[in-house]
Each structure stands twice: as structure tokens, then as C-alpha cells.
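# A structural walkthrough
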Amino acid sequence: MSTTVSQLAHYNAKVARSRATSEPAWVRWSLIIIALLFLSLFLFIPLAAVFTEALRKGFETYIAALVEPDALSAIKLTLIAAAISLPLNLVFGVAAAWAIAKFEFKGKSILITLIDLPFAVSPVIAGLIYVLIFGLQGWFGEWLIDHDLKVIFAIPGIVLATIFVTFPFIARELIPLMQAQGKEEEEAGLVLGASGWQILWHITLPNIKWGLLYGVILTNARAMGEFGAVSVVSGHIRGMTNTMPLHVEILYNEYNYAAAFAVASLLAFLALVTLALKSYIEWQSAHSVIAAKPVDE
Amino acid sequence: MAKHKQKNVLPGFNLSLGYTLLYLSLIVLIPLSAAFFKTTELTFAEFWHTVTTPRVVASYKLTFGASLFAAIINAIFGLLTAWVLTRYTFPGKKLVDALVDLPFALPTAVAGIALTAVYATNGWLGSILEPHGIKVAFTPLGVVVALTFIGLPFVVRTVQPVLEDLEAETEEAAASLGANRWQTFRRVILPALWPALLTGFALAFARAVGEYGSVIFIAGNMPMVSEITPLIIITKLEQYDYTGATAVAVVMLVISFLLLFAINGLQWWSSRRNSASR
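Notes on the structure follow.

Cut-offs and rules
Residues numbered from 1 in each chain as written. Chains lettered and ligands numbered in written order. Predicted model: local features only at pLDDT ≥ 70, side-chain atom pairs only at ≥ 80, totals over all residues. Heavy atoms only, no water. Helix = DSSP H or I, 4+ residues; strand = E, 2+ residues; numbered from the N terminus. Buried < 20%, exposed > 50% of the residue type's maximum accessible area, 1.4 Å probe, protein only. Contact = heavy atoms within 4.5 Å. Salt bridge = Lys/Arg side-chain N within 4 Å of Asp/Glu carboxyl O. 1 Å grid on protein atoms, 1.4 Å probe; cavity = no way out; pocket = protein on both sides within 12 Å on 5 of 7 lines; lining within 4 Å. Points joined across faces, edges and corners; volume = space filled by probe spheres on them. Nonpolar A, V, L, I, M, F, W, Y, C, P; charged D, E, K, R; others polar. Axes fitted to C-alpha atoms, helices over the stretch in contact; angles between N-to-C directions. Parallel < 35°, antiparallel > 145°, perpendicular 65-115°, else oblique. Left-handed = near helix turned anticlockwise from the far one by under 90°. Buried area = accessible area lost by both parts, 1.4 Å probe. Polar contact = N/O pair within 3.5 Å; in protein donor to acceptor, adjacent residues only side chain to side chain. Core = buried A, V, L, I, M, F, W, Y, C linked by side-chain atoms within 4.5 Å.

### Observations concerning the overall build of chain B
Regarding its fold elements, chain B presents 14 helices and 0 strands. Starting at the N terminus and ending at the C terminus, chain B contains elements arranged as α-α-α-α-α-α-α-α-α-α-α-α-α-α. Considering only C-alpha atoms, chain B reaches an extent of 70 × 65 × 35 Å along its principal axes. Expressed as a percentage of the 278 residues in chain B, the buried residues total 54%. Of the contacts made within chain B by residues no fewer than 6 positions apart, 75% connect residues no fewer than 24 positions apart.

Encoded structure:
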């Protein structure tokens, strides 16, 4: 019902627009061409360049660059860093959104701003602060050496830096979503005798699943692609502390362009998959919003 | 309002807020405070000297100048792109719309080497520009190109929803009062878009200021000419000059925090403007 109404409204708007409030065809098409030209210069051509450069020396060199041991260990480390940081930020995102969206308390807007902080900090500085804490001269430097532990120039540092740069993504997706949904459904669950965890599991999580998935996808893309922060804490030890983006940099600086672009093309492919999933989720959640609307009103 | 004053019956407030504050402190607040503590090892004179040496000042000029330039390019063409994507139809529009977010998803290092390959003098676009005396890669112009790429989605994605929600009636009213299309755009549409446009501009600028990965490949990184401030921090770190690196980092942090507050203010203004117009 609601879709036909909105279609009708859309149709009416279209008819109205076609008279006094639209531009002549030549203006329309020039604007479209300028926009596409701009996007081509900055987006489409560079994207195409990644794949052409990767395959320039043939398919066999391409595959060889990907199955070489250093590349494989870089892929493995990237997957490890994402696999650790993702669940941690997921739990944080749900907890933060639950506290902020379902309760009123003082300092809430300050808390929201603080959650945003990592977006405002340069990735290089994100790496630097962990060096100041866990590095040789850092707060815990001596203690770590005494206990034979390594954070900086090792995997824990890479994971920490990754967590920092992806920190706000899931919370930022969930807070407005859960605020908009209100808390009536959860309260109904409570009245019917559900425990807190049952409410979370059976009511809240199903309601926020698309927003959650959206946040997870953005977090994952950033976690696998982070360069600046990870570069500061990694130490660039080949086969040990190199993630995929760092491996791309090393190959590139060694003038091994074909291999650098081969590994880069994997990351670019990941980015395209991310965008496809993102569009799918937007489409899905738009549909579930339309379906849910009569209930709200 | 009365609803909020009622006692909240939902469980988990202490647990969720406690965990949020703990995790926030451990991952973000305490590590960030380390940067400020580290600079207390310096006297103010030493700090000031470190952050105002000519090489560092040149890097501020490049970082903020190029970021501003890139954000302006993005404001103009981002508005145009948002307009085209909401108002017009053309083949492949959905694909184009989805690809606008590419800079969010593409790792910065990949963007950096791709842009360098395209804009180097032997690249697809660089070889076209070079005969005209325009060199992009390994010059400050290259920095602008990389920062434009990085900030591209912000303006499009902040302006697009406002443009979609704009009611046709206001434009019809303007037209019936005798305004031509350009007048309607300047006097009716643009004022409504202004807060969103400014927010997108500020977001693109803030993102560009801290950017590292995509820039270092295309910039050439020549001291005094094409060296950005984040690279200065890295260089100082590699020389084990931790206090020097931190001093420059603190300057950037303070500027980033100011930008964050400005952006929050802008978003608040823009959401108020939108809800007031309803």
C-alpha cells in the first residue's frame, strides 16, 4: 500500500518537475558529463589502473606475486588483525549504543563526541601514541622487556592500531538506529518476563541486524586496508609484521610494480565487494523500513 | 519529555555504560593523553622551537593548503555530483552512485600507487598533461589530487539526502513567482543545502589534514616542497626523536580536535535547519 502511494507521489513530483522546475536538456547533459568526467579523473581511471597494472606482465606473474610466501604471510596477518579487532569493536559498539540509545544520562553528547575522536586523529598519530606507551622508551617499555613481551614491531601493536582506527564505525551506525527505534519493544519483552540477555538476543539484535552488518563491513574494509597507523607500529619486518597494505608499499619501493599492483588488486577487489555488500544492505534496510512503517505509526 | 523522567526499567545500564567507558579509556583516551604527557618533557621554548622550524612550518602550509584546495574542489564537484545523482537519470547511475564511496573502502596505499601510476609523466593522464607543462605526480599538485580522492565521498554523501528531501513545492513556488532556474537554485535551493555543504566540506578537510597513505606515494616527499606534516612525524620517529615527533603530533591533534568540534556544531546546525523547515 505504502509503496503505491509513494510511487504515485513520485510520479506526481516528476510531472510537476518536468514543467517549470527542471533544466533544459543541454544543461542536464552538460552537468552529467562534467560530473562523470570529475569522477573518472579521480575514481574510475585510478581504479582501472590498479587492475591493468596488476596484469601488465601477464597472468602468471600476477598469480606468482600472490602465492609468494611473504605475500601469503601478509594476507594471513591482515586477516588476523581484522579477525581480532572486528569482534572487539562489535561488542563495544553494541554496548555503547545500548547505553546511549536506551538511557538518559549526563554527559551523553560528550561521550558521543569522544567516541568520534579516532576519526579526527591522523592515522600516523594513532600509531605514535601506542609507541609512546608500549615502545622501548614508553610507559610500559621496560616492564615489557623484563617479561619478554613485544607489542610494538609485533602483532599486538598492529592489532591495537587497527582497533583504534576502526573504533567508532559500528557504534556510529548503531546509535542513531537504536535511538530511532526507541525502547518499547524491549520494555514489552521485559514485561513478558524476558531477561536482559534474552531481550538483547531476541529483540534488539534482530532489529538492528542491517545496521550492525553495515558497520561490520565498514570496519572490516578499514581494518584490512589501514596503512598509516599500522605502518608506525609494525617495523616492516618482511614475512613477520607486514600486512597487505605494507607489503604493497615495500614491493612498490623496490620498483616491483607488477607484484605491488597484484597485491593491491586483491585489496581493490575487497573494496569493490565491500561496496556491493553496502549497496545490498542499503537496499535491504530500506525495504525493511518500508515494511516496518505501519507498525511505527 | 515526561517520558524521560519516568524510571527506566530496562536492564544493563551500568554494565553497558561501564564497559563503554572502560574500553574508550583503554583504547582511545589514555593512549591519546600519552601524547600530551610526553610533551611535558619539553619546556615551552623547546616545544615552540620544535614545532616552528622552517621545515615543519613548510609542511603545515602544504598540508593545510592542499587540504583546503582539495576540500574546495570536492565542495564544488561534490555538490554537482550529488545534484546529478538525485535529479537526473542516466545509464549506469546506480553503479556510479555506489562507486562514489570507493575512497571509503579502498585502502589508502592502493589509492596512492594507483593515482601515482595514472598521474606520473608516463601514466595515462600524466602523459596527456605533461606536454601542457602540468606536472602532477611528485609535486604539491599531486598532494591535492590524492587529498581530493580521499575526501570525495563526504560532500556527495552529506548533500545527497538533503537534496532528496527538498520539497518540490518550494521550487514550484519560486518558478510561479517568476524566478528562472538559476535564480531558484541560488536563492532557494542553495541556502537549504548550505549547512550540509559546509559539513561535507569540513569533513573532507579534516580527513585530508591527517591523511598519510595515499599522499606519500604521489607527493615525492621533498623537504620544504612536498612533505606533509604526518610524514614529518614518521621521519622524526624513524630518527628515534620521540619527543619531537610527539610535539608536532600534539599541534596536529589540537587542530583536529578543534575541527571535530566545529563539525559537530555544523551537524547540529544542519539538523536543526532541516527539522525547522519541516
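### Some details on the pattern of salt bridges
Residues and elements named next belong to chain B. The full count for this structure, using the stated rule, is 16 salt bridges over all chains. The residue R157 makes a salt bridge to D101 at a minimum N-O spacing of 3.1 Å. Taken together, the positions of R157 in helix α9 (residues 140-165) and D101 in the loop between α5 (93-99) and α6 (102-105) put the pair 56 residues apart, joining distant regions of the chain. By relative accessible area, R157 is classed as partly exposed at 23%. Between K236 and D241 there is a salt bridge, and its shortest N-O distance comes to 4.0 Å.

### Quick notes on empty space enclosed by the protein
Scanning all chains against the criterion turns up 2 cavities of 30 Å³ or more. What lines the largest cavity is Y119, A120, T121, G126, L129, E130, I134, K135, V136 and A137 of chain B. Its residues assigned to classes, the lining of the largest cavity shows 6 nonpolar, 2 polar and 2 charged. Computed from the structure, the second largest cavity encloses a volume of approximately 50 Å³. Around the second largest cavity, the lining residues are T78, A81, I158, T162, A223, M224, E226, V230, T243 and P245 of chain A. Secondary structure elements with two or more residues in the lining of the second largest cavity: α4 (69-102), α8 (155-166) and α12 (209-225) of chain A. Of the residues that constitute the lining of the second largest cavity, the class distribution is 6 nonpolar, 3 polar and 1 charged.

### Quick word on the layout of surface pockets
Here the second largest pocket is characterised by a volume of approximately 850 Å³. Considering the residues around the second largest pocket, the lining is formed by 37 residues, among which E249, Y252 and N253 of chain A together with I216 and F217 of chain B are closest to the centre. Residue contributions to the lining of the second largest pocket peak at 5 residues, all from helix α13 (residues 229-238) of chain B. Here the lining of the second largest pocket is built from residues that sort into 23 nonpolar, 9 polar and 5 charged.

### Details of the packing of helix α2 (residues 25-55) of chain A against helix α4 (residues 54-87) of chain B
Two elements in contact, α2 of chain A and α4 of chain B, have axes separated by 9 Å at closest approach and are oriented at 125 degrees. Viewed along their axes, α2 of chain A and α4 of chain B adopt a mutual orientation that is oblique. As α2 of chain A runs across α4 of chain B, the sense of the crossing is left-handed. From α2 of chain A, L31, I32, I34, A35, F38 and L39 of chain A reach across to α4 of chain B, where they touch I73, N74, F77, L80, T81, W83 and V84 of chain B. Here the residues of the contact of α2 of chain A with α4 of chain B sort into 11 nonpolar, 2 polar and no charged.

### Observations concerning the packing of α9 of chain B against helix α11 (residues 181-210) of chain B
Residue and element names in this part refer to chain B. Running from N to C, α9 and α11 point in directions that differ by 155 degrees, and their axes come no closer than 8 Å. With respect to each other, α9 and α11 are oriented roughly antiparallel. The two elements α9 and α11 cross, and the hand of that crossing is right-handed. Note on element contacts: α11 touches α9 through I189, A192, L193, A196, L197, G200, F201, L203, A204, R207 and A208, opposite L147, I150, G151, F154, V155, T158, V159, V162 and L163. Residues of the contact of α9 with α11, tallied by class, amount to 16 nonpolar, 3 polar and 1 charged.

### Quick word on the interface of chain A and chain B
Counting residues at the interface gives 92 residues for chain A, matched by 89 residues for chain B. Contact between chain A and chain B buries roughly 8,200 Å² in total, counting both sides, with carbon and sulfur atoms accounting for 80%. When residues of chain A are sorted by the area they lose upon contact with chain B, F38, F42 and L43 of chain A head the list and together hold 8% of the total. At the surface where chain A touches chain B, the tally comes to 2 salt bridges. Here K278 of chain A makes a salt bridge to D101 of chain B, at a shortest N to O gap of 2.4 Å. Linking chain A with chain B are 11 residue pairs in polar contact (both at pLDDT 80 or more), by the criterion used here.

### A look at the nonpolar core
I115 and F164 of chain A together with I27 and I233 of chain B are the most contacted members of the largest nonpolar core, which has 177 residues in total. Leave out the neighbours within four places in its chain, and F164 of chain A touches P118, V121, A126, I129 and Y130 of chain A together with I27 and V28 of chain B. Core analysis: the second largest hydrophobic core is formed by 5 residues, Y214, I217, L218 and I281 of chain A among them.

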